[in-house]
Each structure stands twice: as C-alpha cells, then as structure tokens.
Amino acid sequence: MHAWNSPEVPHLVGSAPILELFDTATGRKRPTAPAETANAPASMYVCGITPYDATHMGHAATYVAFDLLHRTWLDSGRTVTYTQNVTDVDDPLLERARDRGLDWRELAREQTELFRSDMEALNVIAPHHYLGAVETVDLLVPYIEKFVDSGIGYTVPAGDDGVEGDIYFDSIAAQNGAWQLGTVSGYDRQLMEQFSAERGGDPQRAGKRDPLDPLLWRAAREGEPSWDGGRLGPGRPGWHIECSIIARSTLPAPFTVQGGGSDLIFPHHEFSAAHASAADGKPLAELFAHTGMVGLDGEKMSKSLGNLVLVSKLREAGVEPVAIRTVLLGQHYRTDWFWTDQLLEAAQERVARWRERIEGTGLAEATALLTRIRARMADDLNSPAALQAIDQWAAGNPEGSGEGEEVIRRGLDSLLGLKI
Ligand code: 5CA
Ligand code: ZN
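Draft legend 1. Fine view of the coordination of the zinc ion (ligand 2). The coordination sphere of the zinc ion (ligand 2) contains the protein donors Cys47 (SG), Cys243 (SG) and His268 (NE2), at a distance range of 2.1 to 2.3 Å. Coordination at the zinc ion (ligand 2) comes from four donor atoms whose angles at the metal span 102 to 120°, giving a geometry best classed as tetrahedral. Classification of Cys243 by relative accessible area gives buried; the value is 3%. Overall, His268 belongs to the buried group, its relative accessible area being 1%.

Draft legend 2. Inspection of unusual backbone geometry at higher detail. Geometrically, the link from Ala253 to Pro254 is a cis peptide bond, its omega value of -5° lying close to zero. For Pro254, the position within the fold is in the loop between helix H6 (239-250) and strand S10 (255-261). Cis geometry is found at the peptide bond from Phe266 to Pro267, where omega equals 0°. Considering the arrangement of structural elements, one finds Pro267 in helix H7 (residues 265-280). The backbone of Asp380 shows a phi angle near 55°, a positive value even though the residue is not glycine. Along the chain, Asp380 turns up in the loop between helix H11 (363-378) and helix H12 (383-395).

Draft legend 3. Local environment of helix H13 (residues 405-416). Its twelve residues place the ends of H13 16 Å apart at the C-alpha level, agreeing with the 16 Å of an ideal helix rising 1.5 Å per residue. Structurally, H13 contributes buried residues whose contacts are with helix H1 (57-75), helix H9 (321-329), H11 and H12. Positive phi shows up at Gly417, right after H13, with a value of about 70°.

Draft legend 4. Looking closely at the site of ligand 1. Not every one of the 24 residues close to ligand 1 is listed here, only the nearest: Gly48, Thr62, Thr87, Asp263 and Lys303. Between ligand 1 and the protein, one listed contact pairs an oxygen atom with a side-chain N or O atom of Asp263 at 2.6 Å. With respect to ligand 1, the backbone of Met301 contributes an N or O atom lying 3.0 Å from a nitrogen atom. Counting residues per element, the ones that place at least two in the shell around ligand 1 are H1, H6 and S10. If you tally residues by element for the shell around ligand 1, the top one is H1, at four residues. Among the residues making up the shell around ligand 1, the classes are represented as nine nonpolar, twelve polar and three charged.

Draft legend 5. The arrangement of empty space enclosed by the protein in detail. For the coordinates displayed, the defined rule picks out two cavities of 30 Å³ or more. For the largest cavity, the calculated volume is near 110 Å³. Along the walls of the largest cavity sit 15 residues, with Ala61, Ala65, Leu328, Gln331 and Tyr333 positioned nearest its centre. Those elements giving two or more residues to the lining of the largest cavity turn out to be H1 and H9. Broken down by element, the lining of the largest cavity gets its largest block of residues, four residues, from H1. Along the lines of polarity and charge, the residues of the lining of the largest cavity split into nine nonpolar, six polar and no charged. Each pocket or cavity is described by its volume, and for the second largest cavity that value is around 40 Å³. Taken together, Ala16, Arg71, Thr72, Asp75, Arg374, Met377 and Leu415 make up the lining of the second largest cavity.

Draft legend 6. Quick peek at the environment of Thr81. By the element assignment, Thr81 lies in strand S4 (residues 80-86). On the basis of relative accessibility, which here comes to 29%, the residue Thr81 falls in the partly exposed class. For Thr81 and Pro157, which are 76 residues apart along the polypeptide, the C-alpha to C-alpha distance reads 41 Å. Among all residues touching Thr81, those that are not within four sequence positions of it are Ala42, Ser43, Met44, His128, His129, Thr250 and Leu251.

Draft legend 7. Just the side chain of Thr87, in detail. In this fold, Thr87 is placed in the loop between S4 and helix H2 (91-100). A relative accessible area of 2% places Thr87 in the buried class. For Thr87, the side chain forms a polar contact with the side chain of Asn85, separated by 3.3 Å. Setting aside residues no more than four positions away along its own chain, Thr87 makes contact with Gly48, Ile49, Thr50, Pro51, Leu93, Trp239 and Glu242.

Draft legend 8. Looking closely at the pattern of salt bridges. Applying the stated criterion across every chain yields a total of 31 salt bridges. One salt bridge connects Arg189 with Asp210, and the closest N-O pair in it is separated by 2.7 Å. Pair noted here: Arg189 is in helix H5 (residues 189-198) and Asp210 is in the loop between H5 and strand S8 (215-219), with a separation of 21 residues, a long-range link. Taking the shortest distance from any N to any O, the salt bridge between Asp202 and Lys208 comes out at 2.8 Å. Residue Asp202 is classed as partly exposed on the basis of its relative accessible area, which comes to 26%. The class for Lys208 is buried, based on a relative accessible area of 12%. Overlapping salt bridges, with partners in common, bring together Asp91, Arg218, Glu224 and Arg236 in one network.

Draft legend 9. A look at the nonpolar core. Of all hydrophobic cores here, the largest spans 70 residues; its most connected members are Met57, Trp339, Ile373 and Leu416. A per-element tally of this core places H1 first, with ten residues. If sequence neighbours within four positions are ignored, Leu416 has contacts with Leu68, Arg71, Arg325, Leu329, Ile373, Met377, Ala386, Leu387, Ile390 and Gly411. Counting 36 residues, the second largest nonpolar core, distinct from the first, contains Phe147, Trp217, Phe266 and Phe288.

What counts and how
- Residues numbered from 1 in each chain as written.
- Chains lettered and ligands numbered in written order.
- Predicted model: local features only at pLDDT ≥ 70, side-chain atom pairs only at ≥ 80, totals over all residues.
- Heavy atoms only, no water.
- Donors = N, O, S within 2.8 Å, 3.2 Å for Na, K, Ca; no water.
- Tetrahedral: all angles 85-135°; square planar, octahedral: opposite > 155°, others 65-115°.
- Buried < 20%, exposed > 50% of the residue type's maximum accessible area, 1.4 Å probe, protein only.
- Helix = DSSP H or I, 4+ residues; strand = E, 2+ residues; numbered from the N terminus.
- Expected span 1.5 Å × (residues − 1).
- Contact = heavy atoms within 4.5 Å.
- Near = heavy atom within 4 Å.
- Polar contact = N/O pair within 3.5 Å; in protein donor to acceptor, adjacent residues only side chain to side chain.
- Nonpolar A, V, L, I, M, F, W, Y, C, P; charged D, E, K, R; others polar.
- 1 Å grid on protein atoms, 1.4 Å probe; cavity = no way out; pocket = protein on both sides within 12 Å on 5 of 7 lines; lining within 4 Å.
- Points joined across faces, edges and corners; volume = space filled by probe spheres on them.
- Salt bridge = Lys/Arg side-chain N within 4 Å of Asp/Glu carboxyl O.
- Core = buried A, V, L, I, M, F, W, Y, C linked by side-chain atoms within 4.5 Å.

Below, the structure is given as structure tokens:
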C-alpha cells in the first residue's frame, strides 16, 4: 500500500559525525556504521501501527524518534531504506470493528489514512516500503511450511474451541549461531513468561513444547478472516512472522536497525529475530533500538486503556504540528515520560522565541549552532540537548544582518524536522 507523502529534506553543507545508538541487545551505545564505511547504505524496520484507533502521542513519539535516526543518517550522506508494516489483521482490530459494526478492512483503512495524515503533519519522512499484513500472507506461507518440514514448526492439538491446525514455533530447537532465546531482550525466563502473557502470547495454551513458543499460523475460525495457507490449511499468520518476513523481503539480512517501542522488546522483537534467523541463519538486524513509553495521568498511553492524547484531535483544535514535534524532541527517546498540557504550552513558547530571534542571525552563529546540534544528535539522538543548544542561541543577540537565517531554517528542518 502507499505510505504518506514525504517532506523535502533540505540538503546541508558539511556532515554529521558517525551516529552512536543505544542497542538493546548488547546494552550499550554502538556506532551504526564502521568508521571506514561511515557513509555505507543504512536500513531500518520500524514496527507500524495496528490500525484500530487513532494515532496517539506514544505512537507519534516513536515514529518521530526513528525519523530523527533517518534524518541523522541522511545528513551523514547515507542512503536509507526504510520499511514499516501495518498490522492490518489482528485480534484487537477484529474486536473493535465488531464493536463499531464496521467491516475490519474498513476500520483498518480509515485508521491507516488518519495515521498517514498525522505523519505528514508531523513532518515524518515516509518509509520506502509500507506493507500491510494482508498483502504479505502469500509471502510468508512458504517460510512456515519450511519450518514445519524441518520440525521447528509444529501443530498443537485443538484447544477448547475444537479447532485443529494452529502451528507454533519451537523456540528451543530453533536456537542457532545467529539467535538464542534472550539474544534481543536479555530478559530472564520469569520476565519472558510475564511479558508473553501480557503482550499477545499464550503461555497457558496446552500442548506447546515450551510455554513461550509463539504462534506462527492460526487455523481459520468461524467469523474470522482467513487465507489459503497451502499445506498449512486456511488461516492467518502470527504477529512476529509478519514483521520478520516483511523485513526480510524488503531489506538486507541483517539490516542496520530494528526499531519500535520498548513494549515490543519481548516477545515481538525477540521472536521476529528468531524467525528470521531460523529461516536463513543470519541475525535479523545489527542493532535493536527501542523508545520509552509515553503515558498520561500515571499510566502508559494505550488504545486498550483509552487514556489517549490524539495527534489528530490536537491538530483539529488548531495546535501547530511543529509545537507537538517540539514536545516530543524535548524528551530523550529512551525515557518513559508523561504527556501534559504544560509541556505543550512550553513548547509553543519555545518555538515562538526561536521565531522572534531568527531575524538578523549571522552566518557564523548559524553554522556554529548546526555543528552543536549535529554533535548532540550523533550521541544517541540526544534531541533534548539539541533543543537546549537552540535555546542558548535564542537567548543571545543576533550577530549579523540575516545571512544565517536560511541556514538555521534549513538546518532545523533537515536535522530535526522542525519547520519554524
Ligand atoms: N502493530 C504492532 C507492531 S508490529 C504495534 O505494536 N502496534 S501499536 O499500534 O500498538 O503501536 C505502534 C508503535 O507505537 C509500536 O512501535 C509501539 O511500540 C509504539 N507504542 C505504542 N504505545 C506507545 C506508547 N505509549 N509510547 C511510546 N510508543 C508506543
Ligand atoms: Zn512488528
């Protein structure tokens, strides 16, 4: 399917230092390219939305964070290939559609469209490959068939509903040189079981070889959409195999960065990596980057809890998207934080101050500011420090007669996606 319209990214003079990014898998900051190939092509996969409700500030924070990664790479002269999925068939989507009396496809279309317009408003560069699960079922069936043939995929006896044919992934037998249980998350067994139960897994399901084993293929049920699964029988794919194979079919193996919110570390990214490595013996990605969780009123913002601040609602109320983006950049992408109206007001004042100050900006102060922003961003995308550098510049007096105005405007747009 089509993504959204990408903004023009101004090209700047000079270039960024090599970016170091925090890697969940190793627990430390790592360069995203070897020094000798600083401008090698880069690739990333960021887990996309499940389109059953509108884009909230948590989603926006995550996609803006990876947009900063995208922009930092572009600034260092790297070509970037970016893939994002849409989980356009999943239990919560089917449930919500039923509740609203809508066809699930209609709900997915409506919410994906709203997401696109939010991303455009927030000046987020579009992915090159934007793929829905429903578009890729044919692509991943052969992978699951191969897992079944090699014994890594196995059928579990019917549960309470009497339906035969659910296929699971043997997470113990699948371990190889490229992936072991814990490679991505580093979590202990107890935490894995807890998160598996909380985040879409089914450790209680009887007949599995290991409670953590994830679903590869869900056999067709009455009233649920299903696809022809070849030798698997009719059904629909599990969640992790979807992202794994969309990544494999559009990006190098391994690709540079796997991204998403920290709620996806386990089981989603652990098992996406497991599936890809079981298929070809290579790691899913070189580095795993995760954003912190945005909350509201003391709880994680989530569609299931309903404590949401929606990008589209704020836009309707006339809030400038650049102010929303400034709130998001004011938090480091790895921290958990809470949205408040005060943060939005402060961001609006901040942008107003920058706008007032820009007139009369000299060339030297402008290029010095861009150098500072680049240095901050190269250090694990430290956008709060980059904004502080802008504040420091804004607190001073103009040192020229406007030769630097355009440099600042283009620089903030290109590096931070802020159009002031
Ligand atoms: N479709 C799956 C990924 S394949 C999914 O998690 N969809 S989602 O709609 O629930 O979330 C979309 C993205 O936003 C994911 O990367 C998720 O990790 C991130 N996300 C969800 N809630 C928050 C939050 N409160 N704060 C920050 N990021 C969040
Ligand atoms: Zn995903």
